[in-house]
Amino acid sequence: MTAAEQTLASTFTGHRSHLVGVAYRLTGSVADAEDAVQEAWLRLAGLSEQARAGIRDLRGWLTTVVGRICLDRLRSAAVRRERYVGQWLLEPLITSGEDDPLDAVVRDDGVRMAALVVLDRLTPEQRVAFVLHDAFDVPFAEIADALGCTVATARQHASRGRRAAAEADPPPRVALEEQREVLERFIQAVASGDINAVLGLLHPDVVLVGDGGGKAKTAFNVVSGADKVARLIIGLMRRYGDVEGRPALVNGDLGLVFAAQGELTPRVEALVVRDGKVAGLYDMSNPDKLGHVPFPDSGA
């Protein structure tokens, strides 16, 4: 590798965490995000020196390239979802919080589970335009080029995405200390089998969303309301017995990671806290989306 190539590789590495964050926020897939960033590197490395010299803002250029790559992946995912069994959730990002290379990604409020679930409701074009412009300040002219549309249309896509996100009103991230307190109380309540204790820790508008992809057991439809969610949780505890989950950072918020235990298949539970109570439970058990998760029995 020449000195120029080494410099280019080093410069790209400096942008890599940012690009992974962009790609993950766009696709909701760890594998797709890593592939998109790798493809962006290949495109950059494949340019002539003259072409690279003409790039005034390399970070912005790479962000737009990743956006274009992710648009293709989002369109393919939209087709796959038409045949998907049950609810669709993104792949969870599990981090240690201790010099984890993905720590910079999950610190962004926009990658918390509640926010990404909202993005999943947008069309691929709306998601790319909204995220690139509002989260990463990419000019609409460049977004239009990535989408293959006019600037006016790109603005319209972003506006519709922005409106959908505002109407969904995902709860903001709360301090980890408050999350930890709510999680500990919630675990104790569930372990006690006391439905009233569980009800007391559920937000009235709580939702439980499961994604098993037809390959693992979970709730097929979205379960809404404290009473229904509490009864489902207590019923599952009675079925599976005394199972233990390891607290972990899931997309920057506290959640639980369950290794296989008896009839219980491996899964990741992401929790959303609002007003001191659990407002959202996301049960990700599709094995196709958990290959990157460091489950306790894997030696992690």
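This text gives an overview of the structure that appears in the document. Here the structure is a predicted model, which means the values were calculated and not measured.

### Structural notes on the overall build of the protein
Then, number 1: The number of helices and strands found in the protein is twelve helices and seven strands.
Then, number 2: For the protein, with 300 residues in total, the buried portion stands at 48%.
Then, number 3: Looking at the protein alone, contacts between residues at least 24 apart form 66% of all its contacts between residues at least 6 apart.
Then, number 4: Carbon and sulfur atoms provide 50% of the accessible area of the protein, an area that totals close to 14,600 Å².
Then, number 5: With 34 positive and 41 negative side-chain charges, the protein shows a separation of 5 Å between the mean positions of the two kinds.

### Examining the packing of aromatic side chains
Then, number 1: All told, the structure shown has two aromatic pairs when counted by the stated rule.
Then, number 2: Relative to W41, the ring of F12 has its centre 5.2 Å away and its plane inclined at 50 degrees; by these criteria the two rings are tilted. Of the two residues, F12 sits in helix α1 (residues 3–27) while W41 sits in helix α2 (residues 30–45), which places them 29 residues apart along the sequence. Comparing F12 with W41 shows no difference in burial state: the two are buried.

### A closer look at a negative patch on the surface
Then, number 1: A contiguous patch of negative charge, built from E178, E181, E184 and D275, is present on the exposed surface.
Then, number 2: Looking at the secondary structure, you find E181 in helix α10 (residues 176–192).

### Notes on α10
In an α-helix there are 3.6 residues to a turn, and that puts residues three or four apart on one side.
Then, number 1: Across its 17 residues, α10 extends 24 Å between first and last C-alpha, which sits within 8% of the 24 Å expected from 1.5 Å per residue.
Then, number 2: Buried within α10 are the following residues: Q179, V182, L183, F186, A189 and V190. One face of α10 carries all of its buried residues, which in axial projection span an arc of 130 degrees. Opposite its buried face, α10 presents the exposed residues E177, Q188 and A191, each directed more than 90 degrees away.

### Details of the nonpolar core
Note that soluble globular proteins tend to have their nonpolar side chains buried in a common cluster.
Then, number 1: Within the largest apolar cluster, 63 residues are counted, with the highest numbers of intra-cluster contacts made by Y24, M113, I143, V268, Y282 and M284.
Then, number 2: When residues of this core are assigned to their parent elements, the largest contribution, eight residues, is made by α1.
Then, number 3: Among residues more than four places away in sequence, those in contact with M284 are L89, L90, P92, M113, D211, R267, V268, A270 and L290.
Then, number 4: Counting 29 residues, the second-largest nonpolar core is a separate cluster that includes A219, L256, L264 and V278.

Definitions and cut-offs
Residues numbered from 1 in each chain as written. Predicted model: local features only at pLDDT ≥ 70, side-chain atom pairs only at ≥ 80, totals over all residues. Heavy atoms only, no water. Helix = DSSP H or I, 4+ residues; strand = E, 2+ residues; numbered from the N terminus. Buried < 20%, exposed > 50% of the residue type's maximum accessible area, 1.4 Å probe, protein only. Contact = heavy atoms within 4.5 Å. Areas by Shrake-Rupley, 256 points an atom, 1.4 Å probe, with all protein chains shown as cover. Lys, Arg positive; Asp, Glu negative; His and termini not counted. Charge placed at Lys NZ, Arg CZ, Asp CG, Glu CD. Phe/Tyr/Trp six-rings, centres within 6.5 Å; stacked < 30°, edge-to-face > 60°. Patch = residues over 30% accessible without salt bridge, like charges linked within 9 Å, V, L, I, M, F, W, Y side chains within 5 Å. Salt bridge = Lys/Arg side-chain N within 4 Å of Asp/Glu carboxyl O. Expected span 1.5 Å × (residues − 1). Arc of directions from axis to C-beta. Core = buried A, V, L, I, M, F, W, Y, C linked by side-chain atoms within 4.5 Å.

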